Amino acid sequence: MERLKGRTILVAGGGGIGSGLARRFAAEGANVVLGDVALAGAEEVVREIAAEGGSALAVQLDGSDEASAKAAVALATSRFGGLDGAHINFASFVDQSPDMGVLELPMADFDETMSVNLRGYYVTSRAVLPALLARGGGSLVYTSSPAACKGEPVRVAYAIAKAGVEALMRHVASRYAVNGIRANCISPGSTMHARLEAELGDDMKEFCYGLALIKSRLGRPEDIAAMSALLMSEEGSYITGQVIGVDGGVVMRS
Ligand SMILES: NC(=O)c1ccc[n+]([C@@H]2O[C@H](COP(=O)([O-])OP(=O)(O)OC[C@H]3O[C@@H](n4cnc5c(N)ncnc54)[C@H](O)[C@@H]3O)[C@@H](O)[C@H]2O)c1
């Protein structure tokens, strides 16, 4: 498939899911700019994409810093002539401890979660949108989480940030539809990759299986990438303003 041939897409945040996004976009013909605070990991993925004949470059990106996000967008437009899409995907996971609720979570961890997972998505949107507008339109995809809409006794800051991202997406979709810009959230369920395989114990993996309707396997980065590639392509051109669960049926939206 070459649905994305000639398009340039910024992936903001590599890691497990982001690396899958970059690989899929490149395999479908896009020029990919993969940004991450951890440059070495992004560079490794870019080397793998190049070895497969794809077009990609890595950039150091702190998505919580507007100047850094603008520099990544400037690199994409100068190297490839413009920007057609962005998937904002990075996250801080300081708020993951099962012992932490609203009373226990240190305010420093709350602030970091807001700074990266919410403010970061906001300032990266501010960096990306002018380039999409200059191109006459494009597709903006955000990675959300079921935490945004499920009540949970844990991950309070993470959930607040993801709920905010969904509100941001709805704003972008409604304000810029007239300019040919579409915005959507993908809400992954438990999506396994090397870091989580290493970090999660058997109990936690069992818990993840228990959340979804599909029990035969957990999610994979490829599942998220397949949905995002659709949203980046002409085939997704009538989809905007949506939160799309790719979660094995954890959340059933009406
Ligand atoms: N994996 C899951 O089960 C799951 C489920 C629901 C939602 N999500 C969401 O999916 C996204 C990706 O998660 P993942 O599981 O691939 O995590 P991951 O840790 O593998 O990847 C996150 C990446 O973000 C990068 N990053 C962190 N702070 C950054 C910053 N300020 N600027 C740029 N890059 C930064 C990290 O270096 C890392 O490479 C996140 O938004 C997460 O909330 C994941």
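Use the structure listed above.
Let me sum up the structure you'll find in this document.

The rules behind these values
Residues numbered from 1 in each chain as written. Predicted model: local features only at pLDDT ≥ 70, side-chain atom pairs only at ≥ 80, totals over all residues. Helix = DSSP H or I, 4+ residues; strand = E, 2+ residues; numbered from the N terminus. Rg over C-alpha atoms; globule rule 2.2 N^0.38 Å. Axes fitted to C-alpha atoms, helices over the stretch in contact; angles between N-to-C directions. Parallel < 35°, antiparallel > 145°, perpendicular 65-115°, else oblique. Left-handed = near helix turned anticlockwise from the far one by under 90°. Contact = placed C-beta atoms within 7 Å. Near = placed C-beta within 6 Å. Nonpolar A, V, L, I, M, F, W, Y, C, P; charged D, E, K, R; others polar. Buried ≥ 20, exposed ≤ 12 C-beta atoms within 10 Å, placed from the backbone. Pairing = 2+ DSSP bridges. Right-handed = clockwise from strand over helix to strand, strands pointing away. Core = buried A, V, L, I, M, F, W, Y, C linked by C-beta atoms within 7 Å. Expected span 1.5 Å × (residues − 1). Arc of directions from axis to C-beta.

## A few points about the overall build of the chain
For the chain, the helix and strand inventory stands at eight helices and seven strands. A globule of 254 residues ought to have a C-alpha radius of gyration of about 18 Å, and the chain, at 17 Å, matches this closely.

## So, the packing of helix H1 (residues 15-27) against helix H2 (residues 39-51)
Between H1 and H2, the shortest axis-to-axis distance is 10 Å and the interhelical angle comes to 25 degrees. In this view, H1 runs roughly parallel relative to H2, as classed from their interaxial angle. The way H1 lies across H2 gives a crossing that is right-handed. Along its contact with H1, which presents Gly15, Ser19, Ala22, Arg23 and Ala26, the element H2 presents Gly41, Val45 and Ile49.

## So, the site of the ligand
Taken together, the neighbourhood of the ligand is formed by 28 residues, with Gly15, Gly16, Ile17, Phe90 and Ala91 sitting nearest. Per-class residue counts for the shell around the ligand are nine nonpolar, 16 polar and three charged.

## Overview of the environment of alanine 38
Tracing the backbone shows alanine 38 in the loop between strand S2 (31-36) and H2. Classification of alanine 38 by C-beta neighbours within 10 Å gives partly exposed; the count is 13. Along the chain, alanine 38 and leucine 129 lie 91 residues apart, while their C-alpha atoms are 24 Å from each other.

## Details of the pairing of strand S4 (residues 85-88)
In S4, alternate side chains face the same way, and those of Gly85 and His87 on one face and Ala86 and Ile88 on the other are all buried. Across four bridges, the pairing between strand S1 (residues 8-12) and S4 is parallel. By the bridge assignment for S4, valine 11 is matched with histidine 87. Across four bridges, S4 lies against strand S5 (residues 138-143) in parallel orientation. Residue pairing for S5: histidine 87 is matched across the bridge by valine 141. Assessed by its sense of winding, the connection that carries the chain from S4 through helix H4 (residues 107-135) to S5 is right-handed.

## A closer look at the nonpolar core
In this structure, Leu10, Ala22, Phe25, Val32, Leu34 and Val128 are the most contacted members of the largest nonpolar core, which totals 66 residues. When residues in this core are grouped by element, the largest group, nine residues, is from H4. If we ignore the near neighbours within four places in the chain, the residues touching alanine 22 are Val11, Gly14, Val32, Leu34, Val45, Ile49 and Ala56.

## What to know about the packing of helix H3 (residues 66-80) against H4
For the pair H3 and H4, interaxial distance at closest approach is 8 Å and the crossing angle is 30 degrees. On the basis of their axis angle, the class for H3 and H4 is roughly parallel. Read as a crossing pair, H3 and H4 show a hand that is right-handed. Packed against H3, whose contacting residues are Glu66, Ala69, Lys70, Val73 and Thr77, the element H4 presents Val123, Thr124, Arg126, Ala127, Val128 and Ala131 at the interface. Looking at the contact of H3 with H4 residue by residue, the classes come out as six nonpolar, two polar and three charged.

## Points about H2
The end-to-end C-alpha distance of H2, which contains 13 residues, comes to 18 Å, matching closely the 18 Å that a straight helix rising 1.5 Å per residue would cover. Restricting attention to buried positions, one finds in H2 the residues Ala42, Val45, Val46 and Ile49. What you see down the axis of H2 is that its buried residues fit within an arc of 100 degrees, all on one side. For H2, the exposed residues lying more than 90 degrees away from the buried face are Ala40, Arg47 and Ala51. In this fold, the buried residues of H2 make contact with H1, S2 and strand S3 (55-60). Following H2 by one or two positions, glycine 53 adopts a phi angle in the positive range, close to 90 degrees.

Spatial relationships are all this shows, so hold off on functional conclusions.
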